[in-house]
Amino acid sequence: MERRLIRPADLVLVLAAAALAAGLLLRQNSQSPGSCVAVIEKNGAEVMRVDLGRITEPEEIDLGGAYRVVLLAEPGQISFLSSDCPDQTCVRSGRLTKAGQAAVCLPARVSVRLEGGSPGADAMTG
Amino acid sequence: MRSFIRKLTLRQQKRLSLILAVVLAVLLLAIVLVWSRISERNSRLETTGYAMGSLMQQTVYGPNGQEASDAALQAVTELENLISWRVEDSDVARMNDEAGSEWITVDEKTSSLLALCLDVAEKSGGVFDPTVLPISKLWNFDEDVFTPPTQETIDEFLPYVNYEDLRVKEEEPSASLKYHYMGVDLGSAGKGAGCDEAVASYAASGVSAAIAAVGGSVGVYGTKPDGTLWSITVRNPYSAGDGEEILGVMEIAEGFVSTSGSYEKTREADGVTYHHLINADTGWPENNGLVSVTVYSKDSGALSDVLATAAFLLGLEDGQALLEAYGAEGIFITEGRAVIVTDGFPSFSLTLDSFELAG
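Not measured: the values here are computed from a predicted model. Residue numbering note: each chain is counted from 1, following its sequence as written. As they are written, the chains are lettered A onward and the ligands numbered 1 onward, keeping that order. Note on the predicted model: pLDDT of at least 70 is required for a residue's local features to be given, and 80 or more for side-chain atom pairs to be given and counted; whole-chain, interface and lining totals, by contrast, use all residues. Note: side-chain values were computed over all heavy atoms of the structure, leaving out hydrogens and water.

Caption draft 1: Representation of the overall build of chain A. When helices and strands are tallied, chain A shows two helices and eight strands. Reading the secondary structure of chain A in the N-to-C direction produces α-β-β-β-β-β-α-β-β-β. Any pair of residues with heavy atoms lying within 4.5 Å of one another is described as a contacting pair. Relative to all contacts within chain A whose residues are 6 or more apart in sequence, the contacts with residues 24 or more apart total 28%. Reported accessibility uses the Shrake-Rupley method at a 1.4 Å probe radius. Residues are deemed covered only where the shown protein chains occlude them. Looking at chain A as shown, the accessible area adds up to about 7,300 Å², and 56% of this sits on carbon and sulfur atoms. Working definition: helices are DSSP H or I runs of at least four residues, strands are E runs of at least two. Numbering for both runs from the N terminus.

Structure follows, in structure tokens:
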């Protein structure tokens with residue numbers, strides 16, 4: 001083969017590298033639009049992540065513990081189903097549907113917050 | 001170009017390849033470095049922890065986010081160890097132990113918070129009172145079976161609630177309760193004061209921007225990388241029944257926000273629902289038609305928290321007057337789903353149409 005500066009093989013290599021880079025960049029920047037990931041934490045440490053975009057039918061998540069906390073994961077939303085805590089504030093918090101929303105059972109130190117998707121507000125008061 | 005290259009010897013061609021390869025490598029490295037610098041500045045970390053008896057959520061922007069977040073959580077915990085009556089050997093616990101006998105030396109954070117509470121107590125005519133502990137202890141919302149106190153019991157303990165008998169010397173700094181059985185309860189100020197600590201901690205950490213929520217109190221620091229304002233949603237007091245958590249959203253550049261609502265903590269006994277916002281004058285949960293008050297203060301989280309409680313206890317008219325006296329702004333929500341926003345409140349939009357903007 002005649003000696004050339006740039007060979008066809010080189011071009012293939014460069015294109016492959018560019019494609020890989022573009023792919024990685026795209027994957028990092030995007031997320032399935034509208035889907036949220038519920039981050040479940042016990043004592044501030046993450047114990048579970050639930051992609052609410054992948055849930056097709058209501059699913060109970062039994063976290064057990066002293067207060068027998070049970071969450072209910074549904075398509076696009078999650079809530080506290082039951083807890084043995086005296087004030088039931090967690091259960092009354094209702095359904096979390098948007099990124100940034102959070103609910104907590106303080107006695108059990110179980111918190112659920114939604115991440116990802118189209119970002120909601122920076123914080124909530126009240 | 002081709003002819004130029006053909007004129008080079010094989011060795012020179014190889015050298016040219018090598019040089020080009022090195023240049024490419026250096027370029028790539030430079031790109032990676034610049035890109036990682038930019039993404040570091042924009043990097044965003046969300047953390048959760050527990051402090052001041054509540055959930056503390058933080059979002060921190062910039063490098064060293066985890067360290068900044070840990071430092072802020074630590075700062076709030078340290079404050080809790082000073083001002084919580086539940087923490088053994090805290091300034092407040094020691095004051096309560098020595099009620100009726102000794103003056104106690106306290107941290108200046110404690111004395112300045114006490115002074116702030118005394119000021120609001122006075123301006124609220126005593127319906128808000130930091131010495132409410134003897135009464136707030138009667139309303140135990142955490143016990144397994146909730147039993148509200150009787151009127152007789154309340155009458156028995158009311159005499160020990162009197163902010164005029166709490167003395168604070170800010171210069172020393174020290175404080176004392178004049179009579180035995182009195183007690184200080186800073187539950188209405190703790191979360192807001194925690195936000196003050198968090199924001200001060202962010203300033204010291206060197207993060208570019210951060211937001212902290214301690215329970216329902218929120219404090220912001222700096223400007224987000226995208227330059228937009230901080231958006232803070234207001235909880236719908238009827239979220240459980242409505243199935244809709246957010247009632248509206250505000251946008252702020254700086255400052256602190258707190259909310260006091262009757263829906264936050266309730267217990268039931270014999271078919272009656274009791275909430276945790278106790279009027280220090282009557283000893284009973286306040287019933288004046290308000291369901292929640294949100295207060296914005298540009299400079300002080302503690303003030304936003306205390307005023308939210310005091311304004312709730314005072315009701316719509318007197319509550320607004322109190323906020324005005326402090327240059328604070330507020331959102332008052334009534335049981336009838338009316339939403340009253342004070343004139344100077346930072347940009348607020350009502351997003352739930354089951355509520356109505358009034359006033």
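Caption draft 2: Layout of unusual backbone geometry. Looking along the chain, the bond that leaves B:Glu172 and enters B:Pro173 is cis, with omega of -15°. The topology assignment puts B:Pro173 in the loop between strand S4 (166–169) and strand S5 (174–177). Look at A:Arg68: it is not a glycine, yet its phi comes out positive at around 45°. A positive phi angle is found at B:Asp270, which is not glycine, with a value near 50°. Within the fold, B:Asp270 resides in the loop between strand S11 (266–269) and strand S12 (272–275).

Caption draft 3: Highlighting the domain arrangement of chain B. Domain annotation for chain B reports domain 1 (2–36) and domain 2 (229–359). Computed over C-alpha atoms, the centres of domain 1 of chain B and domain 2 of chain B are 66 Å apart. Those domain boundaries reflect an automatic or database domain assignment.

Caption draft 4: Region of interest: the pairing of strand S2 (residues 45–51) of chain A. All names here are of chain A. DSSP-based pairing: two strands are paired if at least 2 bridges between them are found. Of the pairings in the sheet, the one linking strand S1 (residues 37–42) to S2 comprises six bridges and is antiparallel in character. In the sheet register, Val37 faces S2, and the bridge partner there is Asp51. Between S1 and S2, which pair antiparallel one after the other, the connecting turn spans two residues, and Asn43 there sits at a positive phi close to 60°.

Caption draft 5: Focus on helix H3 (residues 65–83) of chain B. Residue and element names in this part refer to chain B. Under the 1.5 Å per step criterion, the end-to-end length of H3 is 27 Å for 19 residues, consistent within 8% with the ideal 27 Å. Within H3, the full set of buried residues consists of Gly65, Ala68, Ser69, Ala72, Ala75, Val76, Leu79, Glu80, Leu82 and Ile83. The buried residues of H3 occupy one face: seen down the axis, they fall within an arc of 165°. As for H3, its buried residues are in contact with strand S1 (44–51), strand S2 (54–61), helix H4 (91–97), helix H5 (108–123) and helix H8 (190–205). Under the convention used throughout, the expected extent of a helix is 1.5 Å for every residue step, that is, one less than its residue count. Accessibility here uses a 1.4 Å probe with only protein chains present; expressed as a share of the type maximum, an area under 20% marks a residue as buried, one over 50% as exposed, and anything in between as partly exposed. By definition, the arc is the one covered by directions from the helix axis to the C-beta atoms.

Caption draft 6: Structural view of the pattern of salt bridges. Whenever Lys or Arg places a side-chain nitrogen within 4 Å of a carboxyl oxygen from Asp or Glu, that contact is recorded as a salt bridge. Using the criterion set out here, one finds 14 salt bridges over all chains in the structure. Residue A:Glu41 is joined to A:Arg113 by a salt bridge in which the shortest nitrogen-to-oxygen separation is 3.3 Å. Taken together, the residues span a long stretch of sequence, with A:Glu41 in strand S1 and A:Arg113 in strand S7 (residues 110–115) at a distance of 72 residues. As far as burial versus exposure is concerned, A:Glu41 and A:Arg113 are alike and both buried. Note that B:Arg94 and B:Asp91 form a salt bridge whose closest N and O atoms lie 2.8 Å from each other. On the criterion of helical spacing, the pair formed by B:Arg94 and B:Asp91 is a turn pair, its members being three residues apart in helix H4. Residue B:Arg94 is classed as partly exposed on the basis of its relative accessible area of 27%. Salt bridges here are not isolated pairs; linked through shared partners, they connect A:Glu41, A:Glu46, A:Arg49, A:Arg113, A:Glu115, B:Arg44 and B:Glu46.

Caption draft 7: Up close: the interface of chain A and chain B. Of the residues lining the interface, 32 residues belong to chain A; the matching set on chain B comes to 43 residues. By buried area we mean how much accessible surface two parts lose on assembly, using a 1.4 Å probe and totalling the loss over both. Taking both partners together, chain A and chain B bury about 3,200 Å²; carbon and sulfur atoms supply 51% of that area. The largest share of the area that chain A buries against chain B comes from A:Asp122, A:Met124 and A:Thr125, three residues that together contribute 24% of it. Viewed at the interface, chain B and chain A are joined by two salt bridges. The residue B:Glu46 makes a salt bridge to A:Arg113 at a minimum N-O spacing of 3.0 Å. In the analysis that follows, any N or O atom pair within 3.5 Å is treated as a polar contact, provided that within protein one partner can donate a hydrogen and the other can accept it, and provided that, for residues neighboring in sequence, both atoms belong to side chains. At the surface where chain A touches chain B, the tally comes to 16 residue pairs in polar contact (both at pLDDT 80 or more). At the level of elements, helix H1 (8–29), helix H2 (89–92), strand S6 (102–105), S7 and strand S8 (123–125) of chain A are the ones that each hand at least two residues to the side of chain A that touches chain B. The element that contributes the greatest number of residues to the side of chain A that touches chain B is S7(A), accounting for four residues. Taken together, the residues of the side of chain A that touches chain B sort by class into eleven nonpolar, ten polar and eleven charged. Bridging between S8(A) and strand S8 (residues 230–235) of chain B involves three bridges; their strand directions are parallel. Paired with A:Thr125 across the two strands is B:Val234, which belongs to S8(B). For this scheme, ten residues count as nonpolar: Ala, Val, Leu, Ile, Met, Phe, Trp, Tyr, Cys and Pro. Four count as charged, namely Asp, Glu, Lys and Arg, and the remainder, Gly too, count as polar.

Caption draft 8: Quick peek at the sheet that holds strand S16 (residues 348–350) of chain B. An order of S8(A)-S8(B)-S9(B)-S16(B) is seen for the four strands of this open sheet, with the pairing classed as mixed. Every interior strand has two partners, whereas the edge strands, S8 of chain A together with S16 of chain B, have only one. Looking at each pair of strands side by side, their axes are set apart by 25° on average, direction ignored. Axes, fitted as lines to C-alpha atoms, cover a helix only where it is in contact. Angles between the N-to-C directions of the axes lie from 0 to 180 degrees.

Caption draft 9: Structural context of the sheet that holds S5(B). Residues and elements named next belong to chain B. Spatial strand order, S3-S5-S4: three strands in an open sheet with antiparallel pairing. The open sheet has two edge strands, strand S3 (104–105) and S4, and neither has a second partner. In terms of strand pairing, S4 meets S5 through four bridges, oriented antiparallel. Residue pairing for S5: Val168 is matched across the bridge by Ala175. Sitting on the sheet, H5 is in contact with S4 and S5, with an inclination near 130° to S4.

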